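Close look at the chain arrangement
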Amino acid sequence: MATTAQPTAQDVARRYFDAIAARDIDQAVALWAPDGHEHVRGVVDAQGPEGVRAFLYDMLNAFPDGRMEVVSLTAAEDRCAVQWRLRATFAGEPFLGFEATGARVELEGCDVLTVRDGRIVANEAFTDGMTFARQAGLFPEAGSRAEAGMQRAANARTRVLQHVHAAEPEKIAKGVWIVRGGFPARTMNVYLIEDGDGVLVFDGGIRAMTNAVAAAGAQLGGITRVVLGHSHADHRGVASGLGVPVLCHPDEVADAEGDGGYHYFKFHKLDLPARYAMPRLLRSWDGGPVKIAGTVEEGDDVAGFQVVHLPGHAPGLIGLFREYDHLAIVSDAFYTIDPQTGRKGDGHARVPHAAFNHDTEQARRSLYKLAELRPRRAWSGHADPISREAAAAIELAAATT
């Protein structure tokens, strides 16, 4: 008994676009598999035939005279790429939340359909959203005075945000740069360390610094990875926004992928008004949980620095120490700032505030451990470094109650 051959990907693609051109939504939807996935980049992410039906309904009703033309089809095995052109008037129902403007549009795009057993299982579609926005009257015409004004406003906003949230990278040692951020005093420190042809990020600052850190990293060859000093909200803020692997100490993984240590904070140990303001600040600083790609431990080499485990402020807090110049970069192993007032301490070290510590006595012991390395300069996660007699200053901080 002869079997009926399944239609090819090109056959299905042709039938699908013919149905759309005929404004026959039922026929178009019938070509979709029950678990199909429609993804029009920047426009819609629809699941299943009913999700596709809703999108086609909205599109065809927004452009009541729309004419969809297939320019070309290119097929290979179970996939077919369809280049198309749409000519229409935006004169119907609202589309993507925008009221119809009555403007004529001529738009081109490409859909890449995946077909199995005669049904569409996936569609990855790409189109020129900027051209649509200009033609539909949602965005100023290219070269117009309105566009120039919008550009000036956008550039002014960018300059303000850059000024508020982060400074340009500053070289502090061979192969090491710092980006200072935070408002108003730029007391959040993120470090960029030469790592092969690019740089790694150590300590993740606050979320608002993400673009500044990304830009600094791009200027220095590209960001290779993020190594968290620890996972508190003001130290993992940029990590999830850089698109690179994130590493931390094994004892910090759960908090990095969870609440950032929030569960052991003791806000009642803060003075007023910090007791009530700090939880809100932490939420605004946080970039959210981070997926950890790997771990680093005591003694590991990270871009020429030795990993030093300095628990207490956080279970998996680490610092980096470089032997040849005795440079230490140690996240919040110590403070040179009062976290409640933002006042700097003129380079004097202190044990981190008990309100944010997992174990304050352990944090104190970690300072003795750090002092034994005899660092000449020590940078922390906030504010200014200890640049004179750093080992003695750290040891004194550990001994001060």
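The sections below set out a description of the structure shown in this document.

Quick word on the overall build of the protein
Helix and strand counts for the protein stand at 10 helices and 18 strands. Taking 21 Å as the expected radius of gyration for a compact globule of 401 residues, we find that the protein reaches 28 Å, considerably beyond that expectation. Taken over the C-alpha atoms alone, the protein extends approximately 85 × 65 × 45 Å along its principal axes. For the protein, with 401 residues in total, the buried portion stands at 49%. Taking as baseline every contact in the protein between residues at least 6 positions apart, the subset at least 24 positions apart corresponds to 57%. Working note: accessible area of the protein is about 19,500 Å², and carbon and sulfur atoms make up 51% of it. Charge-centre separation for the protein: the mean point of 41 positive side chains lies 6 Å from the mean point of 52 negative side chains.

Notes on empty space enclosed by the protein
Under the defined criterion, the tally for this structure stands at 1 cavity of 30 Å³ or more. Computed from the structure, the largest cavity encloses a volume of approximately 90 Å³. Lining the largest cavity are Ile-20, Ala-21, Arg-23, Met-59, Leu-60, Phe-63, Gly-66, Arg-67, Met-68 and Leu-86. The residue inventory of the lining of the largest cavity, partitioned by class, reads 7 nonpolar, 1 polar and 2 charged.

Observations concerning the layout of surface pockets
Taken as a whole, the largest pocket encloses approximately 630 Å³ of empty space. As for the largest pocket, its lining consists of 33 residues, and the residues nearest its centre are Met-188, Met-278, Leu-281, Trp-285 and Pro-339. Per-element accounting of the lining of the largest pocket gives the leading share, 7 residues, to helix H8 (residues 274-285). Considering only residue class, the lining of the largest pocket consists of 17 nonpolar, 11 polar and 5 charged. One number sums up the size of the second largest pocket: a volume of about 490 Å³. Of all the secondary-structure elements, those providing two or more residues to the lining of the second largest pocket are helix H1 (9-21), strand S1 (32-40), helix H3 (48-62), strand S4 (79-89), strand S5 (104-116), strand S6 (119-127) and helix H4 (129-135). For the lining of the second largest pocket, the leading source of residues is S6, giving 4 residues.

Concerning the packing of helix H9 (residues 360-372) against helix H10 (residues 390-399)
Running from N to C, H9 and H10 cross one another at 160°; their axes reach a closest spacing of 8 Å. Between H9 and H10, the angle is such that the two are roughly antiparallel. Considering the relative orientation of H9 and H10, their crossing is left-handed. Contacts between H9 and H10 involve Arg-364, Leu-367, Tyr-368, Leu-370 and Ala-371 from the former and Ala-391, Ile-394, Glu-395, Ala-397, Ala-398 and Ala-399 from the latter. For the contact of H9 with H10, a count of residues per class yields 9 nonpolar, no polar and 2 charged.

So, the sheet that holds strand S17 (residues 327-329)
Across the sheet, which stays open at both edges, the 5 strands sit in the order S14-S15-S16-S17-S18 with mixed pairing between neighbours. Whereas interior strands pair on both sides, the edge strands pair on one side only; in this sheet they are strand S14 (301-302) and strand S18 (377-379). Bridge analysis of S14 against strand S15 (residues 305-309) gives 2 bridges, and the strand direction is antiparallel. Each bridged residue has a counterpart across the sheet, and for Asp-301 the counterpart in S15 is Gln-306.

Details of the pairing of strand S2 (residues 44-47)
Note on strand geometry: in a regular strand, side chains alternate between the two faces of the sheet. Burial along S2 is one-sided: Val-44 and Ala-46 are buried, while Asp-45 and Gln-47, pointing the other way, are not. Sheet analysis places S1 next to S2, joined by 4 bridges and oriented antiparallel. Bridging from a neighbouring strand, Val-40 pairs with Val-44 of S2.

Some points on unusual backbone geometry
Omega for the peptide link from Leu-272 to Pro-273 comes to 0°, which places this bond in the cis form. On the secondary structure map, Pro-273 appears in the loop between helix H7 (253-256) and H8. The phi torsion at His-326 lies on the positive side, around 55°, for a residue other than glycine. Here His-326 shows up in the loop between strand S16 (318-322) and S17. A relative accessible area of 15% means that His-326 is categorised as buried. Even without a glycine there, the phi angle at Ser-331 is positive, about 50°. As for its position among the elements, Ser-331 is in the loop between S17 and H9.

As for the sheet that holds S2
Read across the sheet, 6 strands follow the order S2-S1-S6-S5-S4-S3 without closing on themselves; strand pairing throughout is mixed. In this open sheet, the two strands that pair with only one neighbour each are S2 and strand S3 (67-76). The sheet shows a mean angle of 15° between the axes of neighbouring strands, direction not considered. Summarising the sheet, S5 and S6 pair through 8 bridges and their orientation is antiparallel. Among the inter-strand pairings, Val-112 is bridged to a residue of S6, identified as Glu-124. Each of S1, S3, S4, S5 and S6 is contacted by H1, which is oriented at about 175° to S3, the strand it contacts most. Those strands touched by H3 are S1, S2 and S4, and its axis lies near 50° from that of S1.

Basis of the calculations
- Residues numbered from 1 in each chain as written.
- Predicted model: local features only at pLDDT ≥ 70, side-chain atom pairs only at ≥ 80, totals over all residues.
- Heavy atoms only, no water.
- Helix = DSSP H or I, 4+ residues; strand = E, 2+ residues; numbered from the N terminus.
- Rg over C-alpha atoms; globule rule 2.2 N^0.38 Å.
- Buried < 20%, exposed > 50% of the residue type's maximum accessible area, 1.4 Å probe, protein only.
- Contact = heavy atoms within 4.5 Å.
- Areas by Shrake-Rupley, 256 points an atom, 1.4 Å probe, with all protein chains shown as cover.
- Lys, Arg positive; Asp, Glu negative; His and termini not counted.
- Charge placed at Lys NZ, Arg CZ, Asp CG, Glu CD.
- 1 Å grid on protein atoms, 1.4 Å probe; cavity = no way out; pocket = protein on both sides within 12 Å on 5 of 7 lines; lining within 4 Å.
- Points joined across faces, edges and corners; volume = space filled by probe spheres on them.
- Nonpolar A, V, L, I, M, F, W, Y, C, P; charged D, E, K, R; others polar.
- Axes fitted to C-alpha atoms, helices over the stretch in contact; angles between N-to-C directions.
- Parallel < 35°, antiparallel > 145°, perpendicular 65-115°, else oblique.
- Left-handed = near helix turned anticlockwise from the far one by under 90°.
- Pairing = 2+ DSSP bridges.

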